[in-house]
Amino acid sequence: MIVQTVAFYLFAAVTVASGVMVISARNPVHSVLFLILAFFNAAGLFVLMGAEFIAMVLVIVYVGAVAVLFLFVVMMLDINFVELRQGFLQYLPIGALIGIVLMAELVLVFAGWAFAPEETVTLASPTPSAAEVTNTHALGKILYTDYIYAFQAAGVILLIAMIGAIVLTLRAREGVRKQRIGDQLRRGRADAVELKKVEPGSGV
C-alpha cells in the first residue's frame, strides 16, 4: 500500500508540474515536450486506478500521434507566436470570467466531498470485477450509458478547440499562390488549349 501511495503522489506531482510548464514555457517545442511528459504520468495514474486500457490509449494515441503531430507542426510551420500573443489583454476579461466560473465549480465539488461524502459514494458507478467483464467492456458500458451526454459534450469541446486552433494559425500571406478549385472547374477548352501554326523550319 505504501508503494502505491508513493507512486500516486509522484505521478500526480510530475503531472501537475508538467501541466504548469506547458502553459508557462516560452519555447513552444518545450511546451509540447512537457505535454508528452504529462501524458506519460497521467497514464501511470490510470494504471494505478486499474484502467489499463485508458493508460495504453493515452500513450499510443495521444503521445504516439497527437503530441508528436503537435511537435512537428510547431517545428515545421513558421508561426509568429509574438503576433498571436498581442491580443492577450483584449481577451483577458473573458478568460478571467471563465476562470472564476471554473474555480466556483471546483469549490462546489470539493465542498460536496467535504460535507456530504456519503452522496459521492451513491453517485459513483461500481467497478465490476475482472471475472465479470473486461476492463474495456466496463469502460464502454459506463461511458455510453451513464456518461453519454458528458462524453458527447467532451467531443464537441474538442471539435471547437480544433477549429479555434485552425483559425488562430490561419493567416493571409502576400505573394503566395493558392489553388482555386472553382476556377479550375470553370475553365473551358479555349482557356486551356492554344493552337499555333508553326511554319516549316521556324520551330516553336
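All chains use their own residue numbering, which begins from 1 and follows the written sequence. For a predicted model such as this one, the threshold for reporting local features is a pLDDT of at least 70, and the threshold for listing and counting side-chain atom pairs is 80 or more; totals across whole chains, interfaces and linings nevertheless cover every residue. No hydrogens and no water enter the side-chain calculation; it runs on all heavy atoms of the structure.

This part is about the overall build of the protein chain. Secondary structure elements follow DSSP: runs of H or I of four or more residues count as helices, runs of E of two or more count as strands, with numbering from the N terminus. Of the regular secondary structure elements, the protein chain holds 10 helices and 0 strands. Ordered by position in the sequence, the α and β elements of the protein chain form the string α-α-α-α-α-α-α-α-α-α. Of all 204 residues assigned to the protein chain, the portion counted as buried reaches 11%. Taking contacts inside the protein chain between residues at least 6 apart in sequence as the whole, the part at least 24 apart equals 57%. Residue exposure (1.4 Å probe, protein chains only): buried if accessible area is under 20% of the type maximum, exposed if over 50%, otherwise partly exposed. We call two residues contacting when some pair of their heavy atoms lies within 4.5 Å.

Locating asparagine 41 in the fold gives a position in helix H2 (residues 28–48). The buried category is assigned to asparagine 41, whose relative accessible area is 8%. Once residues within four sequence positions are removed from consideration, asparagine 41 is found in contact with Phe11, Val14 and Thr15.

Our next topic: the pattern of salt bridges. Here a salt bridge means any side-chain nitrogen of Lys or Arg lying within 4 Å of a carboxyl oxygen belonging to Asp or Glu. Under the defined criterion, the tally for this structure stands at 2 salt bridges. The closest approach of N and O atoms between arginine 180 and aspartate 183, which form a salt bridge, is 3.9 Å. By relative accessible area, which is 58% here, arginine 180 ends up exposed. According to the relative accessible area criterion, aspartate 183 is partly exposed, its value standing at 38%. In this structure, aspartate 183 engages arginine 186 in a salt bridge whose closest nitrogen and oxygen atoms are separated by 2.5 Å. With aspartate 183 and arginine 186 both in helix H9 (residues 181–186), this residue pair falls 3 residues apart, about one helical turn. For arginine 186, a relative accessible area of 63% translates into the label exposed. Salt bridges sharing common partners tie together Arg180, Asp183 and Arg186.

Moving on: a nonpolar patch on the surface. A patch is a set of surface residues, each over 30% in relative accessible area and not in a salt bridge, joined within 9 Å for like charges and within 5 Å for the nonpolar side chains Val, Leu, Ile, Met, Phe, Trp and Tyr. Areas reported as accessible are Shrake-Rupley estimates using a 1.4 Å probe. Residue values count occlusion only from the protein chains shown. On the surface, a cluster of nonpolar side chains totalling about 610 Å² of accessible area is made up of Leu159, Met162, Ile163, Ile166, Val167 and Leu170. With respect to the helices and strands, valine 167 occurs in helix H8 (residues 148–169).

Note on aromatic contacts: the rings of Phe and Tyr and the six-membered ring of Trp form a pair at centre separations within 6.5 Å, being stacked when their planes are under 30 degrees apart, edge-to-face when over 60 apart, and tilted otherwise. This model, assessed by the stated rule, comprises 3 aromatic pairs. With a centroid separation of 5.4 Å and 55° between ring planes, the pair formed by phenylalanine 39 and tyrosine 62 is classed as tilted. Taken as a pair, phenylalanine 39 in helix H2 and tyrosine 62 in helix H3 (residues 52–76) lie far apart in primary sequence, 23 residues in all. Measuring from ring centre to ring centre gives 5.2 Å for tyrosine 144 and phenylalanine 151, while their planes differ by 70°; the resulting arrangement is edge-to-face. A residue is classified by how much of its surface remains accessible, and phenylalanine 151, at 34% relative accessible area, is partly exposed.

Another aspect to go through is the nonpolar core. Nonpolar cores are built from buried Ala, Val, Leu, Ile, Met, Phe, Trp, Tyr and Cys residues. Side-chain atoms within 4.5 Å join them into one set. One finds Ile36, Phe39, Ala42, Ala43, Ala55, Leu58, Val63 and Ala67 forming the largest nonpolar core, which totals 8 residues. Contributing elements (two or more residues each) for this core: H2 and H3. Setting aside chain neighbours within four positions, we find leucine 58 in contact with Phe39, Ala42, Ala43, Phe46 and Val63.

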